[in-house]
Amino acid sequence: MLKLPAWSGRGLVVAEHPLAALAGWEVLRHKGNFADAVVAVSAMLSVVAPHLCGLGGDFFGLFWLAGEKRSVSLNGSGQAPQKLTAKELRRRYKTALPAYSPLTVTVPGLVDALWQLHRRFGRLAWQELWKPAIEVAREGFPVSVKLATSLVASARRLVKDEGARQLFFRAGKPLMVGQTLRHPALANTMARIAAEGRDAFYESDLTKRMVACLQRQGTPITFDDFAAQKSQWDEPLVWRDRKYTVLEMPPNSLGIATLQSLALLRSFPLENMELTELAHLVSAVAQVVAQERDAYLADPRFMSLPPAALLNPSHLDTLRCRLFAPNSSPFPQSGDTTNFVVVDDDGNVASAIQSVFHHFGVGIVDPLTGVLFHNRGANFTLKAGHPNELGPCKRPRHTLSALIVLEDEMVKGALGTSGGDYRPTLQAWMLVHWLYRNQTLQEAMEMPRVLWQGERRVHIERGAGDPEKLQQWGWQVEVLPYPSLFGFGVAHGVERLRESWCGCADVRGEGIALPT
């Protein structure tokens, strides 16, 4: 292993930035529970990882309630504005909105989701949980390697926006590694949320300022759109295989694609399959599941087939027959996201994920509130009659998902990763190695990865199979260094081993695991 995991007999926090893991750790040490820690971690990530997430983005969470031996899911994705319809946009944009158009801004769902989670399960005072993030936003923090790299990659887009230019540039150049990023406007907004709760973000003068900023950019979003935001509690999707049960987020989340991937893979002898053959199989599965995703996945109120039908054995048999047949496939979209995992002293588990979709979302920062907005509406289609067609008050199909694994009805572990549309493939690849190929979760996370890129193209990290053999099987292969810091996702997770929890952070990221 390149990165040794952390062990705990009590609680654990695993997150993509050390300050975020520390914020959650401090909450657990002060007798807070999983919900309290999630709020603290999420708030801190919204400060120190603006390329990945923020108050202007969405949140999904899957939670295991140890005392009740059951799980619940929380969908904190936002809806499209009431005044935005596909019919008006098709003539100009054909089948999809440009990825960074202001029209892709849907109502941010993160703050409402954290509020709902804390109201239902929180133990400590809401206001106290925001203090570490507020302090770091006000005093500043050093720009990390990944943030600096993302700033360079997105500089031409960000420099066009007044708020982003003020925040991320110094003397006309994007901030570099080790320079300090201070965000006093965001600190003030967070202080209001801490003092006044959810309504400070969705139904106050702050809301009016955000709406005015977005409307100046050309989006029809309104105060009423923000005020109507409400996160959804639900039961997770379930896939069972003998002693294992995998729990995932229901639609509009992409979680169903992970479960379809696992179900298709499990019909093959995974335990003894040679690695190149496994890479070939996983790529074929990714291709078929992507077709499913683009055909059916949407706001569940508009899906033509319910999740149960998509996981039905007869439907999966149909997909299995298409695995190695020539076909035309959609191209997956990358996305920038961060997931984290919390275990508290009572054995409750949170598998959470939040995002602004692409790097720095739509690239618009409101100078008055400091909020950077996501571009999640880019996942809508403009095709008439499609389940995922853009429509008023509709949620787009979403790339975010989070999972928890049970073994004999007890938590074996929790896992999540960044990666956009690649997430189901990344999660399936790790789960196969973890559950069926006799590896620990840390070992499975560190395995060289394979990612299908659309049509017959695959990217593999060096060591994830024999490129020549994959080419003989019809794949166009690009081999990339191992471990690749970009392009193959960043995973975090926990695993229950004997009497302890094992916290696992990906070698491809900047995260850590902290035991209490």
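Everything that follows concerns the structure shown earlier in this document.
Once a new chain begins, its residue numbering starts again from 1 and follows that chain's sequence as written. For a predicted model such as this one, the threshold for reporting local features is a pLDDT of at least 70, and the threshold for listing and counting side-chain atom pairs is 80 or more; totals across whole chains, interfaces and linings nevertheless cover every residue. Values shown for side chains rest on all heavy atoms present in the structure; no hydrogens or waters enter the calculation.

### So, the overall build of the chain
Stated precisely, the cut-off is as follows: Numbering of helices and strands runs from the N terminus; a helix is a DSSP stretch of H or I covering at least four residues, while a strand is a stretch of E covering at least two. Radius of gyration: over C-alpha atoms. The globule rule applied is 2.2 Å multiplied by the number of residues raised to the 0.38 power. Working definition: with a 1.4 Å probe on protein chains only, accessible area under 20% of the residue-type maximum means buried, over 50% means exposed, and in between means partly exposed. By definition, residues are in contact when any of their heavy atoms lie within 4.5 Å.
Broken down by element type, the chain carries 18 helices and 21 strands. Its C-alpha atoms give the chain a radius of gyration of 21 Å, within 12% of the compact-globule value 24 Å for 516 residues. Principal-axis analysis of the C-alpha atoms places the extent of the chain at approximately 60 × 60 × 45 Å. Here the chain, with 516 residues, has 64% of them falling under the buried criterion. Counted over contacts in the chain with a minimum sequence separation of 6, partners at least 24 positions apart contribute 71%.

### What to know about the side chain of Ser418
The condition is simple: As used in this structure description, the phrase polar contact means that two N or O atoms lie within 3.5 Å; if the pair is within protein, one of them must be able to donate a hydrogen and the other to accept it, and residues adjacent in sequence are counted only when both atoms belong to side chains.
Following the sequence through the fold, Ser418 ends up in the loop between β15 (410-417) and α16 (423-436). Among the polar contacts made by the side chain of Ser418, one reaches the main-chain amide nitrogen of Val490 at a distance of 2.9 Å. With residues near it in sequence (within four places) discarded, Ser418 still touches Thr337, Asn339, Arg423, Leu426, Gly489 and Val490.

### Considerations on unusual backbone geometry
The peptide bond linking Pro251 to Asn252 adopts the cis configuration, its omega dihedral lying at 20°. Within the secondary structure, Asn252 is located in the loop between β11 (244-248) and α12 (255-265). Here Tyr482 and Pro483 are connected by a cis peptide whose omega angle stands at -10°. Counting through the fold element by element, Pro483 comes out in the loop between β18 (476-480) and β19 (491-497). Even without being glycine, Arg242 reaches a positive phi, approximately 55°. For Arg242, the position within the fold is in the loop between β10 (237-241) and β11. Overall, Arg242 belongs to the exposed group, its relative accessible area being 74%.

### A few points about the environment of Ile134
Mapping Ile134 onto the fold places it in helix α5 (residues 126-139). Residue classification places Ile134 among the buried positions, given a relative accessible area of 12%. Along the backbone, Ile134 and Ala194 are 60 residues apart, and their C-alpha atoms lie at a distance of 9.2 Å. If near-sequence neighbours (up to four positions away) are discounted, Ile134 is found in contact with Ala187, Met190, Ala191 and Ala194.

### Some details on helix α3 (residues 86-93)
For clarity, the threshold we go by: The directions from the helix axis to the C-beta atoms form the arc being described.
All buried positions along α3 are accounted for by Ala86, Leu89 and Tyr93. Along the long axis of α3, the arc covered by the buried residues comes to 70°, so they all point the same way. The exposed set on the far side of α3, more than 90 degrees from its buried face, consists of Lys87, Glu88 and Arg91. Count one or two residues on from α3 and you reach Lys94, which has phi positive near 65°.

### So, a negative patch on the surface
Counted only if it meets this: Distance thresholds for patches are 9 Å for like charges and 5 Å for nonpolar side chains (Val, Leu, Ile, Met, Phe, Trp, Tyr), applied to residues having over 30% relative accessible area and no salt bridge. Each accessible area value is a Shrake-Rupley result obtained with a 1.4 Å probe; residue values ignore everything except the protein chains displayed when judging cover. Salt bridges are identified by distance alone: a Lys or Arg side-chain nitrogen within 4 Å of an Asp or Glu carboxyl oxygen. The positive count covers Lys and Arg only, the negative count covers Asp and Glu only, and His and the chain ends enter neither. Where a charge sits is defined by one atom per residue type, namely NZ (Lys), CZ (Arg), CG (Asp) or CD (Glu).
Together, Glu274, Glu277, Asp466 and Glu468 make up a negatively charged patch on the protein surface. Locating Glu274 in the fold gives a position in the loop between α12 and α13 (275-296).

### Here we look at the packing of aromatic side chains
Rules: Each Phe, Tyr or Trp ring, with Trp reduced to its six-membered ring, pairs with another whose centre is within 6.5 Å; inter-plane angles below 30 degrees give stacked pairs, above 60 give edge-to-face pairs, and intermediate values give tilted ones. Two limits define a charge over a ring: the Lys NZ or Arg CZ must be within 6 Å of the ring centre, and within 35 degrees of the ring normal.
Scanning all chains against the criterion turns up 11 aromatic pairs. Seen from their ring centres, Phe201 and Tyr202 are 4.8 Å apart, and the 70° between their planes marks the pair as edge-to-face. For the pair Phe201 and Tyr202, one class covers both residues: buried. Centroid distance Tyr244 to Tyr436: 6.0 Å. Interplanar angle 80°. Geometry classified as edge-to-face. Taken as a pair, Tyr244 in strand β11 and Tyr436 in helix α16 lie far apart in primary sequence, 192 residues in all. In this structure an aromatic cluster arises from ring pairing among Phe34, Phe63, Phe121 and Trp233. The lysine or arginine in question, Arg120, covers the ring of Trp233, its NZ or CZ lying 4.5 Å from the ring centre. Above the plane of the ring of Phe302 lies Lys394, whose end atom (NZ or CZ) is 4.3 Å from the centre.

### Some points on the pattern of salt bridges
Scanning the entire structure with this criterion turns up 25 salt bridges. For Arg266, the salt bridge goes to Asp241, with nearest N and O atoms at 2.7 Å. Highlighted residues: Arg266 in the loop between α12 and α13 and Asp241 in strand β10, separated in sequence by 25 residues. Looking at Asp241, the relative accessible area reads 11%, which means it is buried. Note that Arg397 is salt-bridged to Asp421, the shortest N-O span being 3.1 Å. You can see Arg397 sitting in the loop between β13 (349-355) and β14 (403-407) and its partner Asp421 sitting in the loop between β15 and α16, a full 24 residues away along the chain. Taken as a pair, Arg397 and Asp421 share a single burial class, namely buried.

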